[in-house]
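Breakdown of the fold
Each chain, letter by letter, is given below.
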Amino acid sequence: MIMETRISDLIDDGGRRVKSYTGLVIFSLLLIMTSGIAHAVTPWYSSKGNHIVSMNPDGTVWAVGSNKYGQLGLGIDIDESHEPMQVTGIYNVIAVAAGRTHSVALQQDGTVWTWGDNRFGQLGNGRNDDSFTPVKVSGLKDVVAIAAGYRHVVALKKDGTIWAWGSNHSGQLGKEGKTFISRPTQITELQGVSAIAAGSFQTAALKSDGTVWTWGFNGSGQLGSNSRVIDNHLPVKVAGLRKVIAITAGNNHMVALRSDGTAWAWGSNIASQLGNDSVYEGSMRPMQVSGLSGVKDISAKVNHTFALMQDGTVMAWGDSSSGQWGNGISMNGSSKPVMVQGVSSQISIAAVGNPETLVKMDSTVFAGEETPMADNLIAQLF
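First, a word on what this report is: a plain description of the structure on this page. All of these numbers come straight from a predicted model, not from anything done at the bench. Along each chain, the written sequence defines residue order, and numbers are assigned to residues from 1. Per-residue local features of the predicted model are confined to residues with pLDDT of at least 70, and side-chain atom pairs are confined, for both listing and counting, to 80 or more; whole-chain, interface and lining totals are unaffected and use all residues. Side-chain calculation: all heavy atoms of the structure are included, whereas hydrogens and water are not.

We now examine the overall build of the protein. Secondary structure elements follow DSSP: runs of H or I no shorter than four residues count as helices, runs of E no shorter than two count as strands, and numbering proceeds from the N terminus. When helices and strands are tallied, the protein shows one helix and 28 strands. Counting the 382 residues in the protein, one finds 61% classified as buried. Should any heavy atoms of two residues lie within 4.5 Å, those residues are considered in contact. Considering only residue pairs separated by 6 or more positions, the protein has 52% of its internal contacts joining residues 24 or more positions apart. The protein chains shown are the only cover counted for residues, whose accessible areas, like all others here, come from Shrake-Rupley with a 1.4 Å probe. Just so you have it, the protein exposes about 14400 Å², and 49% of that area is on carbon and sulfur atoms. The cut-offs for exposure are 20% and 50% of the maximum accessible area for each residue type, with area from a 1.4 Å probe on protein chains only; residues under the lower value are buried, those over the upper are exposed, and the others partly exposed.

It is worth spelling out the packing of aromatic side chains at this point. The rule is short: rings of Phe, Tyr and Trp, with Trp giving its six-membered ring, pair when the centres are within 6.5 Å, and they are stacked under 30 degrees, edge-to-face over 60, tilted in between. Per the counting criterion, the structure on display carries one aromatic pair. Ring centres of Tyr 150 and Phe 201 lie 5.4 Å apart, and the angle between their planes is 70 degrees; this geometry places the pair in the edge-to-face category. Remark: Phe 201 occurs in the loop between strand 15 (193-198) and strand 16 (202-207) and Tyr 150 occurs in the loop between strand 11 (143-148) and strand 12 (152-157); sequence separation between them is 51 residues.

A few words now on the pairing of strand 8 (residues 102-107). Counted residue by residue, strand 8 has six buried out of six residues, so it is predominantly covered. Every second residue of strand 8 is oriented toward a common face, with His 102, Val 104 and Leu 106 on one face and Ser 103, Ala 105 and Gln 107 on the other, all of them buried. Note on pairing: two strands pair once DSSP finds at least 2 bridges between them. Looking at chain direction, strand 7 (residues 93-98) and strand 8 are connected through five bridges and run antiparallel. Directly across from Ala 98, in strand 8, lies its bridge partner Ser 103. Counted between consecutive antiparallel strands, the loop separating strand 7 from strand 8 contains three residues. With five bridges connecting them, strand 8 and strand 9 (residues 112-116) associate as antiparallel partners. From the neighbouring strand, Val 104 faces strand 9, where its bridge partner is Thr 114. Turn length for the strand 8-strand 9 hairpin, with the two strands adjacent in sequence and antiparallel, is four residues, and the turn residue Gly 110 shows positive phi of about 85 degrees.

Let us look at the sheet that holds strand 19 (residues 244-249). Sheets are built from strands that pair by backbone hydrogen bonding, the pairs being arranged parallel or antiparallel. Reading across the sheet, the four strands line up as 19-20-21-22 and stay open at both edges, with antiparallel pairing between neighbours. Taken across any chain shown, the strands that pair with only one partner, and hence form the sheet edges, are strand 19 and strand 22 (283-288). Each strand of the sheet is rotated relative to its neighbour by a mean of 20 degrees, with strand direction disregarded. Note that strand 19 and strand 20 (residues 253-258) share five bridges and pair antiparallel. Across the sheet, residue Ile 247 finds its bridge partner in strand 20, namely Ala 256. With axes taken as lines fitted to C-alpha atoms, and helix axes fitted only over the stretch in contact, angles between N-to-C directions fall between 0 and 180 degrees.

Honestly, it's all geometry; don't read function into it.
Here you go:
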């Protein structure tokens, strides 16, 4: 399904909001099944900075926004694009991820390709020069999931091992030293991993035993270890959390879904993104999201979180960014879960895409100017 819409409230390198981009966004529902492992799959639509990467059902990749470092992958030196344009020379893609100023794609053959900013080695090709076209990550195969932080990339292989590259300033690569690594390096302390997630400067892994492990920046308690240590390069077990089946990461908060259908969050709460009905008080350990049970899937973005319920409704909490979720909520958002109105019958979410949510929207939601809610949903779900 292809439709015209507006991608709003993009963020520049200085943290300022920049102008909207209008163009064609390509919608797809991609079901990815890999034998022997319930792995995390990054969504078909991703953004962590001022560019957006999306995936077409035919396996091509499209990008829109800033191209200062070549993060659109167009093979040409232009400042930006206001319309999605096809990324040059990459096909058969099954997952995409976007860092602050770099982009990542996972191909069906298990190889990973990157383009854009490479000042911190985040392209993983052993070099430090930017690339305006996709380059193959060195020596990496059999990958089943990818995740991108602001300046680092994480990959999960089908054998349950994790590999990472890029900036290690906060220990987000699982290594000592505030430096960068330009080739994939294994995080040897963890085996048997089934899902991965990456926040701005922290990384998380879900093991097959239902425990969650985190490492990297902990300035807002986003490691969930009940510790005040700011940076931690060694994976630490999230305190008091078990029987987890999915994980997801915002900028500085994390959310876990347990097998009993409850959601648990920790880290920054500056925008009430923990959903515990409080304001500004973060948490160094998981706290149950208030009044929420029967959760089927979760997706955290920037400073807010969405949950798909077993009954098909969608709940949201945290910063509403562009002003509303279609339910009249103010720009302050909500400190506890509230139902997103008018979308329960038009949305379906494929839980196999954990920890991120793959969404297919019915065309009736996007009938035209009568449904401006569509723009807000796009900007915030992804």
